[in-house]
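Structural characterization, general
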Amino acid sequence: MVTFYNCFHGDCAFISDTITLPNGTPEQVKLYVDLGPARFHIPNPVPDADLLISHSDNDHCLGKASTLNPRRIFVPAFFMEMAIILHKLVTHHNLSIHKYPVLAHKFIPVDDGHPLVYAPNLKWDVFNPCRNLWMNWLPPQVSLISLKATLNNFLSSNHIDADVDALIELSKGAQAFYSDGVADVSEDELERFVLAVTYRIYQYANTRHGGLSISRAVSLFKCSEVNDYSIVFKFIDSNGKSFLFTGDAPCCVYTRNYTNKSVQSDVLKVPHHGSNTGFDMDHITQSTPPYSEVLNNINPKVMVVSHGDHKPGPPDVEVIRFLNNQQPNRLLLLTTDIVKNNGLNPSESYMGVQTPYTIHGINAEIR
Ligand SMILES: [Zn+2]
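Computed from a prediction, not measured in an experiment: that's the story for all the values here. (Residues numbered from 1 in each chain as written. Predicted model: local features only at pLDDT ≥ 70, side-chain atom pairs only at ≥ 80, totals over all residues.)

Now for the overall build of the chain. On a plain count of helices and strands, the chain comes out with 10 helices and 13 strands. For the chain, buried positions account for 40% of its 367 residues. Within the chain, contacts between residues at least 6 apart in sequence are counted, and of these 60% link residues at least 24 apart. (Helix = DSSP H or I, 4+ residues; strand = E, 2+ residues; numbered from the N terminus. Buried ≥ 20, exposed ≤ 12 C-beta atoms within 10 Å, placed from the backbone. Contact = placed C-beta atoms within 7 Å.)

What follows is the structure in structure tokens.
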């Protein structure tokens, strides 16, 4: 059973199920998928439930759950996301335990390279974030020497008293946080990683508005791509019903898995609160399958849009019209009515759902 909460603009869902372990013993699955925004209080929180934070945006990890003391916290396997999520969980006191070492110890990095190892008692398949996504950031066909020269020039022109080799040395502290026997990072990988991140920041500084300060470029880098790191996973309950959780990820970041994994799911948590970006409607390229193809691949019977209202932003008109046109074959559920008039005709009627509501597999039982 999965409960999607009306948590204003944000995501918060609870998976509750009993599955059978390979040795035949029953195991309770209790997992919160995101906590919603700061103004949301999780009703009757289950204290010992596990927690999965899809990514570090406030509307996914600041909801209040005073008695929640999770055994495990699944986070995207990307150290910047891990550090930001840890910081937010601690400073906003969502959890009854709020000490860095204790929380960090519970962190289980998740990516599509190591899906089942860390959660053998959860029947799930992870599609995103991809493993070592920063490898895509390095410029192709540029020699290491000329790349380092470009970056060193960038650093010194920004009065940074270190070259990239020094940054690589400094980064070895982060290695301890990232590894802990979970995902060992070799020296080569670490060097590539630091080069890739520095190059990404260099790109941010030089491609926007004719040049940005390095601190502005770093903050843009930190906040502008977090949606892409969202944990996307499919959970299959004990009745065989499947649920695809997508966080705020644009579908282009996980469609690479179409060839070797099945994204087909009975219930789809519509990505990014029904925003255009979730279905890549704002940015369709040849490498991005059109959104109708994406939806046909997932082929959901129920589509859940978790969103707030009375503010600009998602859900976007195009997405809601597109999803609405899928009915009655695919049931569209909204965690709250759409009544705002940001281009939507308020007279169009959508299914307003009393909250919290619960979907029983594909039967869409609501309560
Ligand atoms: Zn969000």
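It is worth spelling out the nonpolar core at this point. Judged by nonpolar contacts, the single largest core of 71 residues is most densely connected at Tyr32, Met303 and Val304. Here the element with the most residues in this core is helix H2 (residues 79–91); it accounts for 5 residues. What tyrosine 32 contacts, discounting residues up to four positions off in sequence, is Cys12, Phe14, Ala49, Leu51 and Leu52. Formed by 12 residues, the second largest nonpolar core is a distinct cluster that contains Phe193, Val194, Leu195 and Ile201. (Core = buried A, V, L, I, M, F, W, Y, C linked by C-beta atoms within 7 Å.)

Our next topic: the sheet that holds strand E12 (residues 331–334). Backbone hydrogen bonds hold the strands of a sheet together, and the pairing may be parallel or antiparallel. In space, the 6 strands of this open sheet follow the order E7-E8-E9-E10-E11-E12, with mixed pairing throughout. In this open sheet, the two strands that pair with only one neighbour each are strand E7 (124–128) and E12. Taken pair by pair, the neighbouring strands of this sheet meet at an average axis angle of 15 degrees, ignoring direction. As paired strands, strand E11 (residues 302–305) and E12 are joined by 4 bridges and run parallel to one another. Looking across to E12, one finds that methionine 303 is bridged to leucine 332. (Pairing = 2+ DSSP bridges. Axes fitted to C-alpha atoms, helices over the stretch in contact; angles between N-to-C directions.)

Okay, the environment of serine 230 next. In this structure, serine 230 sits in the loop between helix H8 (214–224) and strand E8 (232–236). In this view, serine 230 contacts Ser54, His55, Asn128, Thr246, Gly247, Asp248 and Ala249; residues no more than four positions away in its chain are not counted.

In the contact formed by helix H7 (residues 187–207) and H8, the axes pass within 8 Å of each other and the chain directions differ by 115 degrees. Here H8 runs roughly perpendicular to H7, going by the angle between their axes. For H7 against H8, the interelement crossing comes out right-handed. Contact with H7, carried on its side by Arg200, Ile201, Tyr204 and Ala205, involves Ile214, Ala217, Val218, Leu220 and Phe221 of H8 and no other residues of that element. Counted by class, the contact of H7 with H8 contains 8 nonpolar, no polar and 1 charged residues. (Parallel < 35°, antiparallel > 145°, perpendicular 65-115°, else oblique. Left-handed = near helix turned anticlockwise from the far one by under 90°. Nonpolar A, V, L, I, M, F, W, Y, C, P; charged D, E, K, R; others polar.)

Here the chain averages 80 in pLDDT, while 79% of its residues score no lower than 70. Note on residues 360–367: pLDDT is under 50 here. Beyond four places in sequence and across chains, it has 20 contacts. (pLDDT = per-residue confidence, 0-100.)

As a further point, take unusual backbone geometry. The phi angle of most residues is negative, glycine excepted, and most peptide bonds adopt the trans form. Cis peptide bonds are those with omega within 30 degrees of zero, and the linkage from asparagine 128 to proline 129 qualifies with 0 degrees. Positive phi is not limited to glycine here, since phenylalanine 8 has a value of about 65 degrees. Counting through the fold element by element, phenylalanine 8 comes out in the loop between strand E1 (2–4) and strand E2 (13–20). Since 21 C-beta atoms lie within 10 Å of it, phenylalanine 8 is described here as buried. Located in the positive-phi region is histidine 159, a residue other than glycine, with phi close to 60 degrees. Within the fold, histidine 159 resides in the loop between helix H4 (144–157) and helix H5 (164–170). For histidine 159, a count of 7 C-beta atoms within 10 Å corresponds to the exposed category.

Before going further, it helps to spend a moment on helix H9 (residues 291–298). Along H9, the residues that are buried comprise Val294, Leu295 and Ile298. Looking straight down H9, one finds that the buried residues subtend no more than 95 degrees of arc, so they occupy a single side. Of the residues in H9, the exposed ones pointing more than 90 degrees away from the buried face are Ser292 and Asn296. Along its buried surface, H9 packs onto strand E9 (242–245) and strand E10 (267–269). (Arc of directions from axis to C-beta.)

As paired elements, E2 and strand E3 (residues 26–33) share 8 bridges and run antiparallel to each other. Among the inter-strand pairings, isoleucine 19 is bridged to a residue of E3, identified as glutamate 27. Counting the residues between successive antiparallel strands, the hairpin from E2 to E3 contains 5 residues, one of them, glycine 24, with a positive phi of roughly 95 degrees. Strand direction decides the pairing type here: E3 and strand E4 (residues 50–52), joined by 3 bridges, are parallel. Across the sheet, the residue bridging to tyrosine 32 is leucine 51, located in E4.

Relative orientation of the contacting elements H4 and H7 amounts to 55 degrees, with a least axis distance of 10 Å. Classed by the angle they form, the pair H4 and H7 counts as oblique. In terms of crossing hand, the pair formed by H4 and H7 is left-handed. Residues Leu147, Leu151 and Phe154 of H4 form the contact with H7, whose own contacting residues are Leu195, Thr198, Tyr199 and Tyr202. For the contact of H4 with H7, a count of residues per class yields 6 nonpolar, 1 polar and no charged.

The subject of this paragraph is helix H10 (residues 317–324). Along H10, the residues that are buried comprise Val319, Ile320 and Leu323. Within H10, the buried residues cover an arc of 95 degrees as seen down the axis, which keeps them to one side. Looking at the packing, one finds that the buried side of H10 touches E11 and E12.

Another point: the environment of aspartate 17. Assignment of secondary structure puts aspartate 17 in strand E2. Linking aspartate 17 and asparagine 239, residues 222 residues apart in sequence, is a C-alpha distance of 9.5 Å.

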